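Here's the letter readout for the chains.
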Number of protein chains: 2
Amino acid sequence: MSGSEKQVIAKIRHSDALKFDVELDSRTMELNSTKKMGRAFTPMELFLVALAGCTAMDVQWIMDKERQKVDRLDVVIKGTRREEDPSYYERIDIRYALAGPNLRKDGVERAIRLSQEKYCSVRAMIKDAVKLRITYTIADGAKPEQEYTFPTASANP
Amino acid sequence: MSGSEKQVIAKIRHSDALKFDVELDSRTMELNSTKKMGRAFTPMELFLVALAGCTAMDVQWIMDKERQKVDRLDVVIKGTRREEDPSYYERIDIRYALAGPNLRKDGVERAIRLSQEKYCSVRAMIKDAVKLRITYTIADGAKPEQEYTFPTASANP
């Protein structure tokens, strides 16, 4: 899942102050140490996007495979950093929001669990010191949106 | 280092197949499960860029602080994935290439060490199952470029 090429190579080059230019095959991106500058992203932002994107793709892929129709899938991810160095995320909140005509709670929870415990390669690289809190909401068009808390997952490669 | 806001929030929304749109404040990005599509990035690509960018910013920042003039700083990062699920990077090679008029090997190595062991927040979240191999090259304009292997670092939050 989430990209299957065995080797991935990126090149980054210093441009100015703490700005860097990224090259990935023919694609480019800008990095900066502060988000307050143009279109650049910070490394810590990209880390969160990598995690959210990885698990979102898994969930979408699993729901598709199981023919559970998903009309909408959003993932909101929030990272909270430590004060001390290294100021990694001591907590990451992931909220999946799904909508579809006949979504079942157990099916959604199973898809999230498979991603968190089996498929998500980004998730599998993250140390236990980073606490993940996972919630999800389901809207099926008929009933009002329901919110659930996912039992804490742990993946140990 | 590498962005200091305490909370970071990203929103991603499914668009089509395994494509997702990312929103980070007012900035946007596209994600896809394969790199062979337009300007999108895969989650695993972003993970590598996050790690390379984080440590590159640290090294630049430390060298600046110590008044060691750096004319050029490139970081090339290569991740090699496992075959099995989760197919995380079982190995990541990071090569720093620095050029400057009076760069000292011990100064460069110290900057890399401080990043790997103390400052790099992305590095600090990565499990030991991911093996990091670190090399660096120094070009000072007079002598030919020298290549060094960095003793394996381990950071344990």
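For the structure itself, look to the data block above.
Residues numbered from 1 in each chain as written. Chains lettered and ligands numbered in written order. Predicted model: local features only at pLDDT ≥ 70, side-chain atom pairs only at ≥ 80, totals over all residues. Heavy atoms only, no water.

## Notes on the pattern of salt bridges
Right, so step 1: Counting across every chain of the model gives 28 salt bridges over all chains.
Right, so step 2: One salt bridge connects Glu84 of chain A with Arg82 of chain A, and the closest N-O pair in it is separated by 3.5 Å.
Right, so step 3: When its relative accessible area of 45% is taken as the criterion, Glu84 of chain A is described as partly exposed.
Right, so step 4: Classification of Arg82 of chain A by relative accessible area gives buried; the value is 19%.
Right, so step 5: Ionic pairing is found between Lys6 of chain B and Glu83 of chain A, a salt bridge with its closest N-O pair at 4.0 Å. One end of the pair, Lys6 of chain B, is in the segment before β1 (7-16); the other, Glu83 of chain A, is in the loop between β4 (72-81) and β5 (89-99), on a second chain.
Right, so step 6: Using a relative accessible area of 37% as the deciding quantity, one classes Lys6 of chain B as partly exposed.
Right, so step 7: Overall, the relative accessible area of 65% leaves Glu83 of chain A in the exposed class.
Right, so step 8: Shared partners join several salt bridges into a network, and the residues in it are Lys105, Glu109, Arg113 and Glu117 of chain A. (Salt bridge = Lys/Arg side-chain N within 4 Å of Asp/Glu carboxyl O. Buried < 20%, exposed > 50% of the residue type's maximum accessible area, 1.4 Å probe, protein only. Helix = DSSP H or I, 4+ residues; strand = E, 2+ residues; numbered from the N terminus.)

## Overview of the interface of chain A and chain B
Right, so step 1: With 79 residues of chain A in contact, the opposing surface of chain B contributes 79 residues.
Right, so step 2: Summing both sides of the interface, chain A and chain B together bury roughly 7,300 Å²; the carbon and sulfur share of this comes to 63%.
Right, so step 3: When residues of chain A are sorted by the area they lose upon contact with chain B, Arg27, Met125 and Lys127 of chain A head the list and together hold 11% of the total.
Right, so step 4: Across the contact surface, chain A and chain B share six salt bridges.
Right, so step 5: Between chain A and chain B we count 28 residue pairs in polar contact (both at pLDDT 80 or more) in total.
Right, so step 6: Contributing elements (two or more residues each) for the side of chain A that touches chain B: β1 (7-16), β2 (19-24), β3 (27-31), α1 (43-65), β4, β5 and α2 (105-119) of chain A.
Right, so step 7: Class assignment for the residues of the side of chain A that touches chain B results in 43 nonpolar, 17 polar and 19 charged.
Right, so step 8: Relative to β1 of chain B, β4 of chain A runs antiparallel, the two being bridged by seven bridges. Residue pairing in the sheet places Lys78 of chain A in a bridge with Ile9 of chain B of β1 of chain B. (Contact = heavy atoms within 4.5 Å. Buried area = accessible area lost by both parts, 1.4 Å probe. Polar contact = N/O pair within 3.5 Å; in protein donor to acceptor, adjacent residues only side chain to side chain. Nonpolar A, V, L, I, M, F, W, Y, C, P; charged D, E, K, R; others polar. Pairing = 2+ DSSP bridges.)

## Re the environment of Thr149 of chain B
Residues and elements named next belong to chain B.
Right, so step 1: With respect to the helices and strands, Thr149 occurs in strand β7 (residues 146-149).
Right, so step 2: On a C-alpha basis, the gap between Thr149 and Tyr96 in space is 10 Å, while along the polypeptide they are 53 residues apart.
Right, so step 3: Excluding residues within four positions of it along the chain, Thr149 makes contact with Ile134 and Thr135.

## Focus on the environment of Lys131 of chain A
All names here are of chain A.
Right, so step 1: With respect to the helices and strands, Lys131 occurs in strand β6 (residues 131-139).
Right, so step 2: Overall, the relative accessible area of 46% leaves Lys131 in the partly exposed class.
Right, so step 3: Those residues within four positions of Lys131 in sequence are excluded, and the remaining contacts are Glu90, Arg91 and Ile92.
Right, so step 4: For Lys131, the side chain forms a polar contact with the main-chain oxygen of Asp128, separated by 3.1 Å.

## A look at the packing of α1 of chain A against α2 of chain A
Residue and element names in this part refer to chain A.
Right, so step 1: Interhelical geometry of α1 versus α2 gives an angle of 130° and a closest axis separation of 9 Å. If you check the angle between α1 and α2, you find them oblique. For the element pair α1 and α2, the recorded crossing hand is right-handed. Facing α1, whose interface residues are Thr55, Asp58, Val59, Trp61, Ile62 and Met63, α2 presents Gly107, Val108, Ala111, Ile112, Leu114, Ser115, Gln116 and Tyr119. (Axes fitted to C-alpha atoms, helices over the stretch in contact; angles between N-to-C directions. Parallel < 35°, antiparallel > 145°, perpendicular 65-115°, else oblique. Left-handed = near helix turned anticlockwise from the far one by under 90°.)

## Focus: the sheet that holds β5 of chain A
Right, so step 1: Strand order in the open sheet formed by seven strands is β7(A)-β6(A)-β5(A)-β4(A)-β1(B)-β2(B)-β3(B), with mixed pairing between adjacent strands. Because the sheet does not close on itself, it has two edges, and the strands there are β7 (146-149) of chain A together with β3 (27-31) of chain B. In this sheet, neighbouring strand axes are inclined to one another by 20° on average, regardless of whether the strands run parallel or antiparallel.
Right, so step 2: The pairing of β6 of chain A with β7 of chain A spans four bridges and is antiparallel.

## Some remarks on the state of the cysteines
Residue and element names in this part refer to chain A.
Right, so step 1: A full pass over the atoms with the stated rule returns two disulfides over all chains.
Right, so step 2: Covalent S-S linkage joins Cys54 and Cys120, the inter-sulfur distance amounting to 2.5 Å. You can see Cys54 sitting in helix α1 and its partner Cys120 sitting in the loop between α2 and β6, a full 66 residues away along the chain. The pair Cys54 / Cys120 is uniform in exposure class, with both members buried. (Disulfide = S-S within 2.5 Å.)

Geometry only, nothing functional implied.
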